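As a plain string of letters, each chain reads:
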Amino acid sequence: MIRLLLALALAAAPTLVAAQTTSPRAAPPSSIPPNALQQELLGRLRTRLDSIVTHTDGVVGYAVDDPTSGGVPLARLERGIFPTASTIKLAVLDEMFRQYDAGMLDIDAVRTVPKEAIVAGSGVLQHLTAPQMPLRDIATLMMIVSDNTATNIIIDALGMEKINARIAALEMPETRLRRKMNDMVSARRGVENVATPRDLATLVYKLWNGEGLTGASRDAARRMLYAVPGRMRTAVPADVRVALKTGENQGVRAEAAVVEVPGRPYAIAVMTTYLASDARGSDVIEAIAGEVYRTMARLGSGGEYGRKLP
């Protein structure tokens, strides 16, 4: 019997390792899969995250993309299709800089915000009388204060079909920009902007990493994301940089970020829906982000065997 159990365990081991190191993109050449000690630490983290989710009246999905280990070591409903709320604006920003780098779009020419473009919801443009500014500054409003009018202006400038083509090129098959911001007519018909937690983690990491962008555009995007307030930012120490985008609608809270742990930056996306309490959705995002950070920081500073050196 002991020999039979040992043989079964050895046969299952390759399958388990493969499942734990699956990644939405090719693993970096320098990636180091977690060893048994690190897997134990991650396993304990999963237990704590499961407890947070269990005590949430709603649906919670998350994905943590750890390039150092070459995969997604932590995930729940990572391929579930959730409403994105304003986190879809990451895809809009990415396509804007792509078109700018390709010489297809001038984002520094001053333009007047047309009155017909004004929509309600989050943002400041709706409260101004005759705003004039370059598209670059409009994008800054789109990201930092999640301005809906700013977002719709940029969508019109880029073309919704081109934004979705860029999303497809980034290999995020379940992510889709289906409507403009605050388009309640479409929303009531069930037309939502959607993504999976895995796609959203991939999107924020690729934008932060500047995949397909010039270094200048990557840095400009990062400056915007560093200035976004969110619960993932308050979940980590103030000296840790976080590139972040938030999203919220009724019954929905979502955030995606790259947390720059020294030597081990990682991407994280938490998406919630069907929330009984919107405030609880925000609390859950912060709780998950805090637990993940505390473990990833130990992995980043503890080397292969966990010893912290001075």
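Calculation rules
- Residues numbered from 1 in each chain as written.
- Predicted model: local features only at pLDDT ≥ 70, side-chain atom pairs only at ≥ 80, totals over all residues.
- Heavy atoms only, no water.
- Phe/Tyr/Trp six-rings, centres within 6.5 Å; stacked < 30°, edge-to-face > 60°.
- Helix = DSSP H or I, 4+ residues; strand = E, 2+ residues; numbered from the N terminus.
- Buried < 20%, exposed > 50% of the residue type's maximum accessible area, 1.4 Å probe, protein only.
- Lys NZ or Arg CZ within 6 Å of the ring centre and 35° of its normal.
- Axes fitted to C-alpha atoms, helices over the stretch in contact; angles between N-to-C directions.
- Parallel < 35°, antiparallel > 145°, perpendicular 65-115°, else oblique.
- Contact = heavy atoms within 4.5 Å.
- Nonpolar A, V, L, I, M, F, W, Y, C, P; charged D, E, K, R; others polar.
- Pairing = 2+ DSSP bridges.
- 1 Å grid on protein atoms, 1.4 Å probe; cavity = no way out; pocket = protein on both sides within 12 Å on 5 of 7 lines; lining within 4 Å.
- Points joined across faces, edges and corners; volume = space filled by probe spheres on them.
- pLDDT = per-residue confidence, 0-100.
- Salt bridge = Lys/Arg side-chain N within 4 Å of Asp/Glu carboxyl O.
- Patch = residues over 30% accessible without salt bridge, like charges linked within 9 Å, V, L, I, M, F, W, Y side chains within 5 Å.
- Areas by Shrake-Rupley, 256 points an atom, 1.4 Å probe, with all protein chains shown as cover.

**Focus on the packing of aromatic side chains**
In total, this model carries 1 aromatic pair according to the counting rule given. Ring centres 5.5 Å apart and planes at 40 degrees place the aromatic pair Y205 and W208 in the tilted group. One end of the pair, Y205, and the other, W208, are both in helix α8 (residues 197-209), 3 residues apart, so they sit about a helical turn from each other. For W208, a relative accessible area of 8% corresponds to the buried category. Between R136 and the ring centre of Y100, over which it is positioned, the NZ or CZ distance is 5.4 Å. Taking the ring centre of W208 as reference, the NZ or CZ of R222 above it sits at 4.2 Å.

**A short note on the environment of A276**
Secondary-structure assignment places A276 in the loop between β9 (266-273) and α11 (278-301). The exposure class assigned to A276 is exposed, which follows from its relative accessible area of 59%. Each C-alpha atom of the pair A276 and V59 lies 9.7 Å from the other, and the pair is 217 residues apart in sequence.

**Concerning the packing of helix α3 (residues 89-101) against helix α6 (residues 160-169)**
For the pair α3 and α6, the least separation of the axes is 9 Å and the interaxial angle reads 95 degrees. Taken together, α3 and α6 sit at an angle that is classed as roughly perpendicular. Along the contact surface, α3 presents A91, V92, D94, E95, R98 and Q99, while α6 presents K162, I163, R166 and I167. Looking at the contact of α3 with α6 residue by residue, the class counts come to 4 nonpolar, 1 polar and 5 charged.

**What to know about unusual backbone geometry**
Here the phi dihedral of S146 falls at roughly 55 degrees; this positive angle occurs in a residue that is not glycine. For S146, the location among the structural elements is in the loop between α4 (135-144) and α5 (148-158). Accessibility expressed as a relative area gives 10% for S146, which makes it buried. One non-glycine residue with positive phi stands out, namely N182, at about 60 degrees.

**As for the pairing of strand β2 (residues 71-76)**
Pairing of strand β1 (residues 59-66) with β2 involves 4 bridges; the strand directions are antiparallel. Paired with V64 across the two strands is L74, which belongs to β2.

**Quick word on the layout of surface pockets**
In this structure, the largest pocket spans a volume of roughly 590 Å³. Of all elements in the fold, only α7 (184-188) and β7 (242-249) reach the threshold of two or more residues within the lining of the largest pocket. Broken down by element, the lining of the largest pocket gets its largest block of residues, 4 residues, from β7. Of the residues assigned to the lining of the largest pocket, the class counts are 8 nonpolar, 14 polar and 4 charged.

**Regarding the sheet that holds strand β8 (residues 252-259)**
The 5 strands lie next to each other as β2-β1-β9-β8-β7, forming an open sheet whose pairing is antiparallel. Two strands lie at the open edges of the sheet, namely β2 and β7, each paired on one side alone. Between one strand axis and the next, the sheet turns through 5 degrees on average, direction left out of account.

**What to know about the confidence of the model for the protein chain**
Keep in mind that low pLDDT regions are not for reading the predicted coordinates in detail. Across the protein chain, pLDDT averages 87, with 89% of residues at or above 70. Confidence drops under a pLDDT of 50 for residues 1-29, and excluding neighbours within four residues, the segment shows 25 contacts in the predicted structure.

**Observations concerning the pattern of salt bridges**
As enumerated under the stated definition, the model contains 17 salt bridges in all. Across the pair R253 and D278 runs a salt bridge whose closest N-O atoms are separated by 3.8 Å. Taken together, the residues span a long stretch of sequence, with R253 in strand β8 and D278 in helix α11 at a distance of 25 residues. Look at R253 and you get buried, because its relative accessible area is 13%. Salt bridges here are not isolated pairs; linked through shared partners, they connect R48, E291 and R294.

**Considerations on a nonpolar patch on the surface**
A surface patch of nonpolar side chains, amounting to about 320 Å² of accessible area, comprises V59, L77 and Y274. Considering the arrangement of structural elements, one finds Y274 in the loop between β9 and α11.

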